[in-house]
Amino acid sequence: MRPARALIDLQALRHNYRLAREVAGAKALAVVKADAYGHGAVRCAQALEGEADGFAVACIEEALQLREAGIRAPILLLEGFFEADELALIEQHELWCVVHALWQVEAIERSAVRKPLTVWLKLDSGMHRVGLHPAEYQAAYRRLLACGRVAKIVLMSHFARADELDCSRSEEQLAVFEQARQGLAAEISLRNSPAVLGWPGIPSDWVRPGIMLYGATPFEQEQALAARLQPVMTLESKVISVRELPAGEPVGYGARFVTERPTRVGVVAMGYADGYPRHAPSGTPVAIDGQLSRLIGRVSMDMLCVDLSDLPQTGLGSRVELWGKQVLASDVAVCAGTIPYQIFCNLRRVPLLYCEA
Ligand SMILES: *Cc1c(COP(=O)(O)O)cnc(C)c1O
């Protein structure tokens, strides 16, 4: 069997969930959209179900997958419904539903829903992606409560720049939110992972941690709380071929790397078809049998090359960690010019293996 695989540490997932709830002092929806950022939504939700206050997903397809797997906890649809006819399923499966636009308010008013819904009413406090305008927020709130089809409303908004710890934009967004919700007696939810970890002063009855559950920092710089996260995914494979090259020899497609000295090259069964970023340059860290080394040459579809020159104990069959507890996915992301969110979501083809420790 091809040795490429992703190990998912469910104990680490629970540790990170508990950390989110503890530092926020709030209830926490575990965000498991996009197949739990590539970690497998059903297994991750099952691992958290005993303690999670609920889950959040991007769409009803993702929510139904969790319900079909037997998840009974609350599930929030982060973009609500895309078409009004989803409301029947939302009612049937008791899903919680974001409302971010007036057409959704109207659809709920016109719907045949009998069991009143739980709605999370989203304000655009300055990210300018989705959410109601501050001027229409209170009226939307009143209409939803008045129509008889909504039992409970949570007031929510989302930050655009909470990952920038020296940026005042989150506080500006908070001020817009506070203004818009004046006089409304309802629970609130503002904080995603960077806001949970980096903005302790921002209130929230409910937090919505995503990336931090998977043990990756949302910040570019060091951060004390983020340092307490435990990586959940280990992407690993093995050295499947070794060759000794003299100085001046090219390695891989496009001769993007040329040996500077006599070099022992290890070929690893891992490539961009597995989700390893093709744009990771030579020098991107890898760990080989527990020792740090570097990627060399272009990443190809099914293989990539690493430098074994300074690791005489390593060779054919050596275990290679592409990211995990030794090489952080966030460090690989920086090398590849992306973010750990995308690194995880791109994962494919490799089997996911779940372990408890
Ligand atoms: C994805 C998402 C989150 C989780 O964000 P992280 O940065 O991964 O913690 C929270 N809230 C909303 C509305 C989202 O779409």
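Residues numbered from 1 in each chain as written. Predicted model: local features only at pLDDT ≥ 70, side-chain atom pairs only at ≥ 80, totals over all residues. Heavy atoms only, no water.

- As named in an unreviewed UniProt entry, the protein chain is Alanine racemase, taken from Pseudomonas borbori.
- In its Catalytic activity (unreviewed entry) section, the UniProt entry covering the protein chain states "L-alanine = D-alanine".
- Taken verbatim from the UniProt record of the protein chain, the Cofactor (unreviewed entry) comment is "pyridoxal 5'-phosphate". (UniProt positions renumbered as here; feature names shortened; annotations may be inferred.)

## Some points on the environment of Thr-314
Argument step 1. One can find Thr-314 in the loop between β16 (304–307) and β17 (319–323).
Argument step 2. Classification of Thr-314 by relative accessible area gives buried; the value is 4%.
Argument step 3. With 104 residues separating them along the chain, Thr-314 and Gly-210 place their C-alpha atoms 36 Å apart.
Argument step 4. Sequence-distant contacts of Thr-314, defined by excluding residues within four places in its chain, comprise Arg-264, Ile-288, Asp-289, Gln-291 and Leu-308.
Argument step 5. Only 2.7 Å separates the side chain of Thr-314 from the backbone oxygen of Leu-311, close enough to count as a polar contact. (Helix = DSSP H or I, 4+ residues; strand = E, 2+ residues; numbered from the N terminus. Buried < 20%, exposed > 50% of the residue type's maximum accessible area, 1.4 Å probe, protein only. Contact = heavy atoms within 4.5 Å. Polar contact = N/O pair within 3.5 Å; in protein donor to acceptor, adjacent residues only side chain to side chain.)

## Here's the deal with the state of the cysteines
Argument step 1. For the structure shown, the criterion picks out zero disulfides.
Argument step 2. Free of any disulfide, Cys-59 has its nearest cysteine sulfur in Cys-97, 12 Å distant. (Disulfide = S-S within 2.5 Å.)

## A closer look at the domain arrangement of the protein chain
By a widely used convention, the size of an interface equals the accessible area lost when the partners come together.
Argument step 1. Assigned domains within the protein chain: domain 1 (10–216) and domain 2 (233–355).
Argument step 2. Inter-centroid distance (C-alpha atoms) of domain 1 to domain 2 is 37 Å.
Argument step 3. Opposite the 13 residues of domain 1 that make contact, domain 2 presents 10 residues.
Argument step 4. Between domain 1 and domain 2, the buried area comes to about 1,000 Å², and carbon and sulfur atoms account for 69% of it.
Argument step 5. Looking only at domain 1, the three residues that lose the most surface to domain 2 are Tyr-37, His-39 and Ile-211, adding up to 42% of its buried area.
Argument step 6. At the junction of domain 1 and domain 2, the tally comes to zero salt bridges.
Argument step 7. Remark: the boundary between domain 1 and domain 2 carries two residue pairs in polar contact (both at pLDDT 80 or more).
Argument step 8. Broken down by secondary-structure element, the contributors of at least two residues to the side of domain 1 that touches domain 2 are α1 (10–24) and α2 (33–37).
Argument step 9. For the side of domain 1 that touches domain 2, the residue count by class is eight nonpolar, four polar and one charged. (Domains from an automatic or database assignment. Buried area = accessible area lost by both parts, 1.4 Å probe. Salt bridge = Lys/Arg side-chain N within 4 Å of Asp/Glu carboxyl O. Nonpolar A, V, L, I, M, F, W, Y, C, P; charged D, E, K, R; others polar.)

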